[in-house]
Amino acid sequence: MSGETSAHILLVERLISHVRARHCPPRGLLVLADHHTFGNNRPPQIAGYTPDLFASDLPATFEVIGEAKTMADLETGRSHRQISAFLDYLSVRQGSSFYLVVPPFQRRRSAAIVDALRMPAHSGIAVEVIDGL
Amino acid sequence: MVGVQQHLPVFDVELDRNNPRIRRFVEGFEGELTDDNIQLALDIGGDDGDNGKGVTSADKLRNSILANRGIMQPIIVCRNEAGRYLCIEGNTRLFIYRQFHENGVAGDWSTIPAIVHETLAGDGIDAIRLQAHLVGPRAWDAYSKAKYQWELHYKHLMPLDRLVDLCGGDRRDVQKSINAYADMENHFRKLHQPGEFYNTQRYSGFVELQNTKVKTAIFRAGFSLDDFASWLKEKKIDGLIAIRQLPLVLGDKNARAIFLKKDIKAALDAIERPDIGADLRAASLSQLARAITEKAEKIPFIEIQRLRQNPDDDVVRYVLDAIDALQNLAGEFQQRRDDVG
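Analysis parameters
- Residues numbered from 1 in each chain as written.
- Chains lettered and ligands numbered in written order.
- Predicted model: local features only at pLDDT ≥ 70, side-chain atom pairs only at ≥ 80, totals over all residues.
- Heavy atoms only, no water.
- Helix = DSSP H or I, 4+ residues; strand = E, 2+ residues; numbered from the N terminus.
- Rg over C-alpha atoms; globule rule 2.2 N^0.38 Å.
- Contact = heavy atoms within 4.5 Å.
- Buried area = accessible area lost by both parts, 1.4 Å probe.
- Salt bridge = Lys/Arg side-chain N within 4 Å of Asp/Glu carboxyl O.
- Nonpolar A, V, L, I, M, F, W, Y, C, P; charged D, E, K, R; others polar.
- Expected span 1.5 Å × (residues − 1).
- Buried < 20%, exposed > 50% of the residue type's maximum accessible area, 1.4 Å probe, protein only.
- Polar contact = N/O pair within 3.5 Å; in protein donor to acceptor, adjacent residues only side chain to side chain.
- Pairing = 2+ DSSP bridges.
- Axes fitted to C-alpha atoms, helices over the stretch in contact; angles between N-to-C directions.
- Phe/Tyr/Trp six-rings, centres within 6.5 Å; stacked < 30°, edge-to-face > 60°.
- Lys NZ or Arg CZ within 6 Å of the ring centre and 35° of its normal.
- Parallel < 35°, antiparallel > 145°, perpendicular 65-115°, else oblique.
- Left-handed = near helix turned anticlockwise from the far one by under 90°.

### Overview of the overall build of chain A
Move 1: Within chain A, the regular secondary structure consists of four helices and five strands.
Move 2: Counted from the first residue to the last, chain A has its helices and strands arranged as α-β-β-β-α-α-β-α-β.
Move 3: Computed over the C-alpha atoms, the radius of gyration of chain A is 14 Å, within 12% of the 14 Å expected from 2.2 N^0.38 for a compact globule of 133 residues.
Move 4: When its C-alpha atoms are laid out on the principal axes, chain A stretches across 35 × 35 × 25 Å.

Shown next as structure tokens:
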């Protein structure tokens, strides 16, 4: 989802700092994000959808996808298909993680939505839902 | 033709109004051609657009100068009889120094290293331009660039951010190069006996492998990158277009079996595709491109809504395939040496 509302931009910023704090490979983390400070260094398209964040070490031994969602957006069918596509992508890669960042106090509800989208094949993915701006 | 190296104040050197890089932009310009106009032309003159693929070559140069805190190669200037300096080679670098100086970018950008020639006679100016841009320094091949980036980052522990900055700021470029090189070394090299020719030109296949669709299709079909390397070595896949077709082939049981037994060409022949008929097949690319544009512009909103709800619909798949093919084709049209300097 492209940065549009200021709430979404703040969520993307939260996502970037969270992923940077969680993943600190010795030679540095490659981060691509849909945020104006990243210029053209935007995440790749995955199954027709562009995530808000993509990160990995180099050469890649793990991959991270992150998505920032407002609640109204998270409950749409498009968002469900998008998250499923990201989980499918990560499920065939070693050491992969998926982060969803949502507005304050929405973590439980959002985690339930993501849980409902998870299939047995996604069991190897570390999934974390975080809330806050 | 011997010049003397000096540091010249950036505003004492004139940008070259006859610089061949920007001549196509300024030829039709009406009114007084100011430095601002020239700078604007220089900013776009070295690029054919970034096609959404990464930073532009002028941006890369800007990032690289910033990361290096200066330029490695002096610009070349000529002092005319009136004592004015004219920039013969390095107008973009001069313009970037001026921008940094005006914008208060940290560092000293008030002077620029330059090789100064006293009045150049005859075709001296043209000789410098031709040697710099039509002959130019020999660029490394893609495999050698990737190998060097991998060594700096992986063996010599150069931090990723520093490496990206020095390479011009395009993270995706660096990501693709290092991952492609590592995949090739880890999976392709071991298929070779000692002394056997190791074809580094196959590196382009491993660059294509970095396409998310291709790698995902290989893993999802239960194969590994070792298998991919074997297919390349055995020439079951030959050419970059064939690699882009792998998701289609591996996703189809019958085609996959044929591919494993023979090669990708035989597999593609076996895939059922919608009959496009003799008329469409005979149409030229320009006719088809115009027809697609007209169709896309006239598609009813209700159909767009339907496709949004059905991302697996054949229409979406064929449109995305066409976008891929057209983007690659456009890339071929626009391919040129990255020669900003």
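### Some words on the interface of chain B and chain A
Move 1: Listed by partner, the interface residues are 27 residues for chain B and 25 residues for chain A.
Move 2: Contact between chain B and chain A buries roughly 2,200 Å² in total, counting both sides, with carbon and sulfur atoms accounting for 55%.
Move 3: Our enumeration of links across chain B and chain A arrives at zero salt bridges.
Move 4: Every element with two or more residues in the side of chain B that touches chain A is listed here: α6 (142-155), α8 (171-187), α10 (212-220) and α18 (301-309) of chain B.
Move 5: Broken down by element, the side of chain B that touches chain A gets its largest block of residues, seven residues, from α8 of chain B.
Move 6: Residues of the side of chain B that touches chain A, tallied by class, amount to 12 nonpolar, eight polar and seven charged.

### Some points on α6 of chain B
All names here are of chain B.
Move 1: For α6, built from 14 residues, the straight-helix expectation of 20 Å at 1.5 Å per residue is met to within 8% by its first-to-last C-alpha distance of 19 Å.
Move 2: Among the residues of α6, those classed as buried are Y143, A146, Q149, W150, L152 and H153.
Move 3: Residues of α6 that are buried in the fold lie against α7 (160-166), α8 and α9 (203-209).
Move 4: Residue D141 occupies the N-cap position of α6, its side-chain oxygen lying 3.2 Å from the main-chain nitrogen of Y143.
Move 5: After α6 finishes, the residue L157 shows a positive phi value of roughly 60°.

### Here's the deal with the sheet that holds strand β2 (residues 13-14) of chain B
All names here are of chain B.
Move 1: What the five strands build is an open sheet, ordered β1-β5-β3-β4-β2; its pairing is mixed. At either end of the open sheet lies a strand with only one pairing partner, and these are β1 (4-9) and β2.
Move 2: In this structure, β2 lies alongside strand β4 (residues 85-89), joined through two bridges in parallel fashion. In the strand pairing of β4, E14 is matched with L86.
Move 3: Packing of helix α5 (residues 124-135) onto the sheet brings it into contact with β3 (75-79), β4 and β5 (111-118), and relative to β4 it is tilted by some 35°.

### A look at the packing of aromatic side chains
Move 1: For the structure on display, the rule yields 12 aromatic pairs over all chains.
Move 2: With 5.7 Å between their ring centres and 45° between their planes, F188 of chain B and Y198 of chain B make a pair best called tilted. Here the residue F188 of chain B occupies a position in the loop between α8 and α9, and Y198 of chain B occupies one in the loop between α8 and α9, the gap between them amounting to 10 residues. As far as burial versus exposure is concerned, F188 of chain B and Y198 of chain B are alike and both buried.
Move 3: Centroid distance F223 of chain B to W231 of chain B: 5.1 Å. Interplanar angle 70°. Geometry classified as edge-to-face.
Move 4: Under the relative-accessibility criterion, F223 of chain B is labelled buried at 18%.
Move 5: Accessibility expressed as a relative area gives 4% for W231 of chain B, which makes it buried.
Move 6: Here the aromatic cluster, defined as three or more aromatic residues joined through ring pairs, consists of Y143, W150, Y154, Y181 and Y203 of chain B.
Move 7: The ring of Y89 of chain A carries the charged tip of R93 of chain A above its face, separated from the ring centre by 3.7 Å.

### Quick look at the sheet that holds strand β4 (residues 97-102) of chain A
Residue and element names in this part refer to chain A.
Move 1: As summarised here, the arrangement of the five strands in space is β1-β2-β3-β4-β5, forming an open sheet in which the pairing is mixed. Two strands close off the open sheet at either side, each with one partner strand: β1 (30-33) and β5 (126-131). Pairwise comparison of adjacent strand axes, ignoring direction, gives a mean angle of 15° for this sheet.
Move 2: Of the strands in this sheet, β2 (53-56), β3 (63-68), β4 and β5 touch helix α3 (residues 77-91), which is tilted by about 170° from β3.

### Observations concerning the packing of helix α3 (residues 57-68) of chain B against helix α4 (residues 91-102) of chain B
Residues and elements named next belong to chain B.
Move 1: Viewed as axis vectors pointing N to C, α3 and α4 meet at an angle of 60°, and their least axial separation amounts to 10 Å. As far as their axial angle goes, α4 and α3 are oblique. When the axes of α3 and α4 are compared, the crossing they make is right-handed. Each of A58, L61, R62, I65 and L66 in α3 lies in contact with α4, whose residues at this interface are T92, R93, F95, I96, Y97, Q99 and F100.
Move 2: Counted by class, the contact of α3 with α4 contains eight nonpolar, two polar and two charged residues.

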